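For reference, the chains in residue letters:
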Amino acid sequence: MQHWRLDCSRQTLVLAATGARLPQVVYWRAPLPLGEDLETIRAAHAIDVTGGMLDENPDLSICPEASRTFPGQPGMIIRSENGTPLLPKFCFESDHASKGALTLVYRDAAHGLSYTATFQIEPLTHIITAKASLDADAPIHLHWLSAPVFPASQQSAEMIDFAGRWCGEFQPNRTAWSAGIRMRENRTGRTGHEHFPALIVPEAGATNTQGAAHAFHYGWSGGHKMIAEELPDGRRQIQFGHAPRVEANAGTHFSSAPLYAVYSSDGLNGCGVSYQRHLRDHIVTFPQPDRARPVHYNCWEAVYFDHKLDVLKDIADRAANLGAERFVLDDGWFGQRDDDTTSLSDWKVDPRKYPDGLGPLIDHIHSREMSFGIWFEPEMINPDSDLHRAHPDWALGGEDQTLGRQQKALNMALPEVRDFIYNRMAAILSKYPIDYIKWDHNRVLPAPDAAQTRGSYALIDRLRADFPMVEIESCASGGGRIDFGILSRTQRVWLSDSNDALERLRMQHDAALFLPMVVTGSHVGPRHCHTSGRTLDISLRAWVAAQRHMGFEMDPRELTEHEVTVLKDVTSWWKANRNWLERADILRLDSPDPAVIAEQQLAEDDTRFVIFAGKAATSAQIAPRPLRATRLDPDANYDICLLNKATAPALSRGTPILREQAITVSGSYLMHHGITLPWNFPDTLWVIEGRKL
């Protein structure tokens, strides 16, 4: 028997193997004593055999093998170069264990195959990073390769995965466990609004703030497949990998993307905080790590394609007056780009709009003490473009393909395509002082292709190596490409094209299960939202943006004097607090009122917090229910202040104390009874500050 274990202060992961077979995870929960007998754990993990079963239960290993009569989805599906199906049977070859890391190598000599699984546990974030690779002596075709397979808890009644759409990302689905497979397969060629690659398995009774849960995220931007399977014997497995059949050519080396897994004993927030911290501290690399996140202004919803220098200068002045620190010039500055039908891939400044180049605009923006960012969509091409007329063969897919937003995708697997786009982008980045790229990706691919994703990664990596001080935002019609793979190369995501604060409130709440504040762009949109048709008050719009990396994306010329005052005040608050907010944990609160979406951002040193309580609908009851805080020191006292009490409406006719003054109460009171807020209308948000005494 062979055994291995990985430990951190939150969890223990135990793998065990019978003989030379692939190991299986036999324990993954709260920490075990260091002296625990792992052979006993392995034996105690085994289930019984009864009628209608094999004489021995096939292993639910880290790569389940059909050759060992495993009755469920195998962890690998491959064929020889001539198309013959291969059923590998791996046997132990070597292992290497160090503190917090484990590498296991297995060999199938008959088929000339080597399988390697790696596990690494990060002691502070508690994230387990697992990855699988396959090497072959001769070329083979890969149909499916799962990252190392984990079991799912049999104490769970349901699973949570994520769907979505344009302007409606991060929609959690709760699905009951039942016999058979729950499968999510994304064949769009990008991460997708519809298919965020993650799964949470809460145990019975788990909420945001309590109970046990396991969570998984697959860090890949090219489309994935997820399998949650319950076998006839009751065991359950979780598999994540690239979408099947995305490797067009036979090869001798294949690998999964990293699978980021974590166990929590304190609810979904335990998973969420681990992902937030791990992404911020171990995945994203910031050009200037000590630089505070700047307030953005993006001109898209002010001018669209109608770029006029005098208008943009006026808008820049107004944006700076509001508190903006970075001005982003969006789509419309290049080629003959007067609408979305033309010029993608012609990355040269439009001399009609900018006869003296971008310099005069950038100089003006710098004079207002803002840095300058610019929009690109490097992986795309319009049929009406100089590049397409010269190289129609550089477009991915057939000539008769269905266009998306009047465009095709470039074939990023071709080195000559990457070189061309790199040279055009590098020319702009070299000529002008640009510190930020909004990198867009506005259509799905005609067919999924892993080489396309690797090519896109290679282009970004090359640009980052040569322009290390340029920050990149991943945008794909909003949140269509958000995952830890793209975020290992970028520093910000555009969560959604929806600037409707009410919709943003919900999306930000659910995305916080994986994304920290520092990477999540959130902008104050226009009074009348063009994607939802709603008209929303400036206070709601401003405070929802202040929950994340704040910015503005309206036409500042439309703002009333009152709106300017509110926006400047909220922006000033955000700037004054961003240093601690950038490292705060975002904790979803268990609201007793389904109309209220609430979160608590708790400082890294636990000395202060802010609660955002948004009323997204009309409550069933008249008066607000008390809202409980979480993760506070029960024995400490806290000063509690309702920051925006001046916005209370006249219909709040009583004398709730927070509307009149700050209070001092214990952490125990805040966590067990909660905060009683004044009455308010729907589409409003209360902001509560707390300081530990």
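This write-up is about the structure you can find in this document. (Residues numbered from 1 in each chain as written. Predicted model: local features only at pLDDT ≥ 70, side-chain atom pairs only at ≥ 80, totals over all residues. Heavy atoms only, no water.)

1. Section: the sheet that holds strand β27 (residues 492–494)
Short version of the rule: In this scheme, strands are said to pair when DSSP sees at least two bridges between them. By definition, any uninterrupted DSSP run of H or I lasting at least four residues is a helix, any uninterrupted run of E lasting at least two residues is a strand, and each is numbered from the N terminus. For every element, the axis is a line fit to its C-alpha atoms; helices are fit only across the contacting stretch, and the angle between N-to-C directions ranges from 0 to 180 degrees. Contacts between residues were defined by any pair of non-hydrogen atoms, one from each residue, lying within 4.5 Å.
Read around the closed barrel, the eight strands follow the order β20-β21-β22-β25-β26-β27-β28-β29; overall the barrel is parallel. With strand direction ignored, the average angle separating the axes of adjacent strands in the sheet is 30 degrees. Summarising the sheet, strand β26 (residues 471–474) and β27 pair through two bridges and their orientation is parallel. Following the sheet pairing, serine 474 is matched in β27 by valine 493. With respect to the sheet, helix α5 (residues 359–367) is in contact with β21 (326–329) and β22 (371–376), its orientation differing from that of β22 by roughly 140 degrees.

2. Topic: unusual backbone geometry
The cut-off we apply is this: Burial here depends on accessible area, computed with a 1.4 Å probe over protein chains only, as a share of the maximum for the residue type. Under 20% is buried, over 50% is exposed, and the range in between is partly exposed.
Positive phi, close to 95 degrees, is recorded for serine 345, a residue that is not glycine. Exposure remark for serine 345: the relative accessible area of 0% places this residue in the buried category. The residue serine 477 is not glycine, and still its phi comes out positive at about 50 degrees. Structurally, the position occupied by serine 477 is in the loop between β26 and α9 (484–487). According to the relative accessible area criterion, serine 477 is buried, its value standing at 11%.

3. Quick notes on the side chain of serine 133
Tracing the chain through its elements places serine 133 in strand β9 (residues 128–145). The exposure class of serine 133 is buried, given its relative accessible area of 15%. Once residues within four sequence positions are removed from consideration, serine 133 is found in contact with Ser114, Tyr115, Thr116, Leu145, His253, Phe254 and Ser255.

4. Some words on helix α4 (residues 309–322)
Selection criterion: Take the residue count of a helix, subtract one, and multiply by 1.5 Å to get its expected span. Picture the helix axis, draw a direction to every C-beta atom, and the arc is the one those directions span.
Taking 1.5 Å per residue as the helical rise, α4 with its 14 residues ought to reach 20 Å, and the 20 Å between its terminal C-alpha atoms agrees with that figure. Val311, Leu312, Ile315, Ala316, Ala319, Ala320 and Leu322 are the residues of α4 that are buried. An end-on view of α4 places all buried positions within 165 degrees of arc, on one side of the element. Structurally, α4 contributes buried residues whose contacts are with β20 (296–298), α3 (300–303), β21, α5, β29 (549–552) and α12 (561–581).

These values are about where atoms sit, not about what they do.
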